[in-house]
Amino acid sequence: MKPHKYQSIVILTGAGISAESGVKTFRDQNGLWENHRIEDVATPEAFARDPALVHNFYNMRRQQLLSDDVKPNAAHKAIAALQNSHPDVFLVTQNIDNLHELGGSTQVHHMHGELLKSSCTACPAISDINEDLSTDMPCPGCGEIGTRRPHIVWFGEMPIDMDLIFEKLMNCDLFISIGTSGNVYPAAGFVQEARMSGAHTVELNLEPSQGASMFAEHHHGKATEIVPEYLKMIT
Ligand code: BV8
């Protein structure tokens, strides 16, 4: 078995890796949803102001995700194959879909939460949800009514697993960013952390992202084409 080219790999994915699976990216809609700026819907303030609107925003996306026509694509599967053949691949995604899991990845860190999970403002319970969420559904953990919310990190909220993510970034020798526009922090800053720890940094994206100049290597094109190709090269 030939030695691995890189010992410790961190992969960050964004909405672009799910685009060819039929999941809309944020930029596709110019960051809009039904004429609402996503930053204005994906916030705790919006949820406090109009919980039904925010639930509707996520219920529609959950229904689409659970429909038969949304499936993992070759890029999700190529990452899962690398995870199965390489001992140290840390996969962190900004996406709230479950396509990495359906594509075969068993270790996925959803730093912005998950569409198919709900949390509660009154207790720490995190529960699966495969149907519409509404304000009058009791929390499966504490039974409270009106406290259930999507298990999603909104703008202004702290992303999940940040300590672990930074520890991995500081100890990796390869950082690959896939399908993200590099607009949203702290994810957009991960490439700098990786560079500071001496890692080789690669951007795989349809077009140069906001942070393209910070990457040592770039491959631009569709994820289903450039991701399998690149991961095969480093295996
Ligand atoms: C935090 C869940 C603080 C919700 C999401 C001013 C300056 C800098 C930062 C800020 C600022 N003001 C506020 C901030 C912080 C803010 C932020 O960064 N705002 C931005 C808008 C400026 N960040 C936050 O609030 C974060 N929290 O900072 O907390 C804190 C600190 C301490 C203690 C407490 C709090 C939380 C951010 C998380 C928000 N939630 N998601 C939901 O999904 O509804 S973010 C959401 O948008 C996504 O998860 C994702 O992260 C982001 C969209 O980005 P992308 O994934 O990159 O998607 P996008 O559509 O933009 O790009 C797709 C790319 O794919 C494109 O480049 C395209 O070319 C490419 N592509 C398309 N098709 C393909 C393709 N590539 C390959 N193949 C294809 N086929």
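Up top you'll find the structure we're talking about.
Just so we're clear, the structure is a prediction, and the values are computed from it rather than from any experiment. (Residues numbered from 1 in each chain as written. Predicted model: local features only at pLDDT ≥ 70, side-chain atom pairs only at ≥ 80, totals over all residues. Heavy atoms only, no water.)

(A) Broad picture of the side chain of Arg-149. Relative to the assigned elements, Arg-149 resides in strand E8 (residues 148–152). Among the residues examined, Arg-149 registers a relative accessible area of 12% and is labelled buried. Only 2.8 Å separates the side chain of Arg-149 from the side chain of Glu-157, close enough to count as a polar contact. In contact with Arg-149, not counting residues within four places along its chain, are Phe-47, His-55, Ser-118, Ser-119, Thr-121, Leu-133, Trp-154 and Glu-157. (Helix = DSSP H or I, 4+ residues; strand = E, 2+ residues; numbered from the N terminus. Buried < 20%, exposed > 50% of the residue type's maximum accessible area, 1.4 Å probe, protein only. Polar contact = N/O pair within 3.5 Å; in protein donor to acceptor, adjacent residues only side chain to side chain. Contact = heavy atoms within 4.5 Å.)

(B) Representation of helix H4 (residues 74–85). The end-to-end C-alpha distance of H4 is 16 Å, a good match for the 16 Å that 12 residues give at a rise of 1.5 Å each. Listing the buried residues of H4 in full gives Ala-75, His-76, Ala-78, Ile-79, Ala-80, Leu-82 and Gln-83. Each element contacted by the buried residues of H4 is listed here: strand E1 (9–13), strand E4 (89–93), helix H5 (99–102), strand E9 (174–178) and helix H8 (223–234). The opening residue of H4, the one whose side-chain oxygen lies 2.8 Å from the backbone nitrogen of Ala-75, is Asn-73. (Expected span 1.5 Å × (residues − 1).)

(C) A look at the packing of aromatic side chains. All told, the structure shown has 5 aromatic pairs when counted by the stated rule. Geometrically, the ring pair formed by Phe-175 and Phe-215 is stacked, given 6.3 Å between the ring centres and 15 degrees between the ring planes. Taken as a pair, Phe-175 in strand E9 and Phe-215 in the loop between strand E10 (200–205) and strand E11 (217–220) lie far apart in primary sequence, 40 residues in all. A relative accessible area of 1% places Phe-175 in the buried class. Looking at Phe-215, the relative accessible area reads 8%, which means it is buried. An aromatic cluster of at least three residues, connected via ring pairs, comprises Phe-47, Phe-57, Tyr-58 and Trp-154. The ring of Trp-154 carries Arg-149 above its face, with NZ or CZ at 3.9 Å from the centroid. (Phe/Tyr/Trp six-rings, centres within 6.5 Å; stacked < 30°, edge-to-face > 60°. Lys NZ or Arg CZ within 6 Å of the ring centre and 35° of its normal.)

(D) Region of interest: the pattern of salt bridges. Taken as a whole and judged by the stated rule, the model has 4 salt bridges. In this structure, the salt-bridge partner of Asp-40 is Arg-37, at a minimum N-O distance of 3.4 Å. Take Asp-40: its relative accessible area is 38%, and that puts it in the partly exposed class. Salt-bridge contacts for Glu-114 lead to Lys-117; the nearest nitrogen and oxygen are separated by 3.3 Å. (Salt bridge = Lys/Arg side-chain N within 4 Å of Asp/Glu carboxyl O.)

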